[in-house]
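Coordinate analysis (summary)
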Amino acid sequence: MNKEYYLKNEEFVINDYDLKKTFSSFLPGLAGKKGIPLWAFYVNRGQGLCSFGVENKDNPILEFSPAVTAYQNVGRVGFRTFVKIQGEVYEFFGTKRSQGTQRKMYIKRDKFKISEKNEELGLQVTVTYFGLPNDSLAAIMRKVEIKDLSGTTRNIELIDGLSQILPFGTPNTLFKEMSNLLRSWMDVYNLENDVPFFKMRSTTSDSAEVGTLDKGNFYLSFANEQVIRPIVDGELVFGHDTSMTTPVSFQENTIDELKNKQQITANKIPVGFTPVALELNASDTFVLRTIIGHVNDVDQLNSKVSEMVSSQYFDAKENESALVINELVQEVDCKTSNPVFDQYIKQNYLDNILRGGYPLLFEGDKGNHVYHVFSRKHGDLERDYNFFNVAPEYFSQGNGNFRDVCQNRRVDSLFNPKIGDYNVKLFASLIQLDGYNPLGVNGSTFQLHDRVDVKSLVEQNFDNKHDVMEDILSKKFTPGTIINTMSNEGITSSRDDMTLLSEVLKHSEQNIEASFGEGFWVDHWTYILDLVESHLAVHPDTKKAFLFDNYDYKYYSSPVTVLPRDEKTVLSKEGKVRRYGSLLHNDEEK
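Residues numbered from 1 in each chain as written. Predicted model: local features only at pLDDT ≥ 70, side-chain atom pairs only at ≥ 80, totals over all residues. Heavy atoms only, no water.

Attention shifts here to the sheet that holds strand 26 (residues 514–515). The strand order across the open sheet formed by 3 strands is 22-23-26, and the pairing between neighbours is antiparallel. In this open sheet, the two strands that pair with only one neighbour each are strand 22 (400–401) and strand 26. Here 2 bridges tie strand 23 (residues 440–441) to strand 26, and the two strands are oriented antiparallel to one another. Each residue of the ladder has a partner; that of V441, found in strand 26, is A514. (Pairing = 2+ DSSP bridges. Helix = DSSP H or I, 4+ residues; strand = E, 2+ residues; numbered from the N terminus.)

Written as structure tokens, this is what we have:
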């Protein structure tokens, strides 16, 4: 009897995943310390990946939709694979199945893949997704493998890709409400270089001042080390079928005919489809690799193309993606008689990191700075009310809620004893005089001490463009800001990244960044006690000094306060006692 769910080679496997009860999940969005993270969500319908973008929901490449909507739409507005054999078109992973079709989903910590084995067509298609690690741009990497099962050589036509690519500058919420209007700003550039660059022609706000955009999203696809010019005009694939259910135009035209058709690149919601005509030999596998992501400008994109159009580069990044995750979870590696439990422990630890962050220690002459990377608010498809933010920079950090971050750092001291009492001091210093605390805990920032000679510090640590770094260090900054600026501006240093950052940060003060958010929760303070206990479990000899002799704690000054009972207790229209209007906003800040 076949198992429906099982663990094999550290992969969680689901047979006929698209027939099972719906669920949503996400790729971890960890691009390494020297990478640009990208958020991505998937479901067990269609081809899985249903939404991705950079920084937050308002910078989508594929529209963000809540889980219930994603289940409905991912089969149409998502990744699609159409194969034509002897004039007949079949969609792999589509709603219609051939007799005896087998579909599976394989989930790992850093990636997931889906496969469809179609005995009737004599083909097996496998699709793998993972995030691009340790590079100067953010991207989803997608590999499509088409294997012959028929034992005969055949001519096959293929159209594979994405039925929606939103140009950079398309706000997600505005797109849902006014997508017809927003088409007027949409455009596709750089198609002449076979790697389209998607961005709005200008900002879309209703104001007298119109801004321009340099950043953009891109689509790059290649096979056999050759870049393939994609289709960005959906009409060339779907024809009159505006529902994008049936590829009418592909049914009626050959790949060569479609390639010769004119593409309309402006004032339409673009797509990204790779057209390929190939001869697939008996038992051979054709591999199509596609990179979809975000860059600072079109020049950066074109300068990277020759490096990225390489199966060696692509496959090395796939291995590196796994290595980035495995290096983190190796700290909790265990071997028991239950391999499912072993993997559960690693996944649990990874989830802690994703919400609480992973601490980096920068040692200084007068104390250490602790900086958490990789954290973000849990804005998944089933928590569509959360507005997450993942900084698109090196040494990336994100926003979070007080309770989420606090409770997910309870093991920090156990695995990283050198961080000392940093977490206790951080969260205790966010308590207000009235006992409440802010909801939002943002990534920390730094600023140089007043007495520091910025010019001298820059000359000692950076080789060139001193004026640029002086400007960066004269205001609030993050480690990511420094390393990102160096990468974008071609600035060098004789020191390695961690040594350089330690040298700068030892002259800096670390700022706690927080915000009121949406309200107050009564249970938040309890998690601070857990931080205290975990710290003392590692440093029991410091108990007296830790509890009584440290005078560096602060109180958080909030722009919002809770009114006393006599000012918030009212009678409702029905004569019932209620508490309404409990908060006093002292100023505009939230």
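Turning our eyes to something else, we now look at the sheet that holds strand 7 (residues 79–85). With respect to topology, 4 strands assemble into an open sheet ordered 8-7-13-18, the strand pairing being antiparallel. Where the open sheet ends on each side, the last strands, each with one partner, are strand 8 (88–92) and strand 18 (272–280). Here the average twist between neighbouring strands, direction ignored, is 20 degrees. Across 5 bridges, the pairing between strand 7 and strand 8 is antiparallel. (Axes fitted to C-alpha atoms, helices over the stretch in contact; angles between N-to-C directions.)

Now for the side chain of H372. Residue position: H372 is located in strand 21 (residues 367–373). Note on H372: relative accessible area 4%, which makes it buried. Here the side chain of H372 touches D412 through a polar contact of 2.8 Å, side chain to side chain. Excluding anything up to four places from it in sequence, H372 contacts G356, G357, Y358, P359, Q397, R409, D412, Y422 and N423. (Buried < 20%, exposed > 50% of the residue type's maximum accessible area, 1.4 Å probe, protein only. Polar contact = N/O pair within 3.5 Å; in protein donor to acceptor, adjacent residues only side chain to side chain. Contact = heavy atoms within 4.5 Å.)

Further remarks concern the pairing of strand 7. A large share of strand 7 lies buried, amounting to 7 of its 7 residues. Residue alternation in strand 7 divides its side chains into two sets, F79, T81, V83 and I85 and R80, F82 and K84, and both sets are buried. Sheet topology places strand 7 next to strand 13 (residues 154–162); 6 bridges connect them, and they run antiparallel. Residue pairing across strands places R80 opposite G161, the latter belonging to strand 13. Counting the residues that bridge the hairpin from strand 7 to strand 8 gives 2 residues, and of these Q86 lies at a positive phi of roughly 55 degrees.

For the pair helix 14 (residues 479–489) and helix 15 (residues 497–505), interaxial distance at closest approach is 11 Å and the crossing angle is 125 degrees. The angle between the axes of helix 14 and helix 15 places the two elements in the oblique class. As helix 14 runs across helix 15, the sense of the crossing is right-handed. Along the contact surface, helix 14 presents P479, I482, I483 and M486, while helix 15 presents D497, L500, L501, V504 and L505. Among the residues making up the contact of helix 14 with helix 15, the classes are represented as 8 nonpolar, no polar and 1 charged. (Parallel < 35°, antiparallel > 145°, perpendicular 65-115°, else oblique. Left-handed = near helix turned anticlockwise from the far one by under 90°. Nonpolar A, V, L, I, M, F, W, Y, C, P; charged D, E, K, R; others polar.)

A word on unusual backbone geometry. Positive phi is not limited to glycine here, since E10 has a value of about 65 degrees. Mapped onto the elements of the fold, E10 is located in the loop between strand 1 (5–8) and strand 2 (11–15). At D194, a residue that is not glycine, the phi angle is positive and equals roughly 70 degrees. Residue position: D194 is located in the loop between strand 14 (186–189) and strand 15 (197–200).

Turning our attention to the packing of helix 13 (residues 466–473) against helix 14. Between helix 13 and helix 14, whose axes approach to 11 Å, the crossing angle comes to 155 degrees. Comparing their axes, helix 14 and helix 13 come out roughly antiparallel. Where helix 13 crosses over helix 14, the two elements pack in a sense that is right-handed. Of helix 14, the residues touching helix 13 (which contributes V468, M469, I472 and L473) are T481, I482, T485, M486 and E489. Within the contact of helix 13 with helix 14, the residues separate by chemical class into 6 nonpolar, 2 polar and 1 charged.

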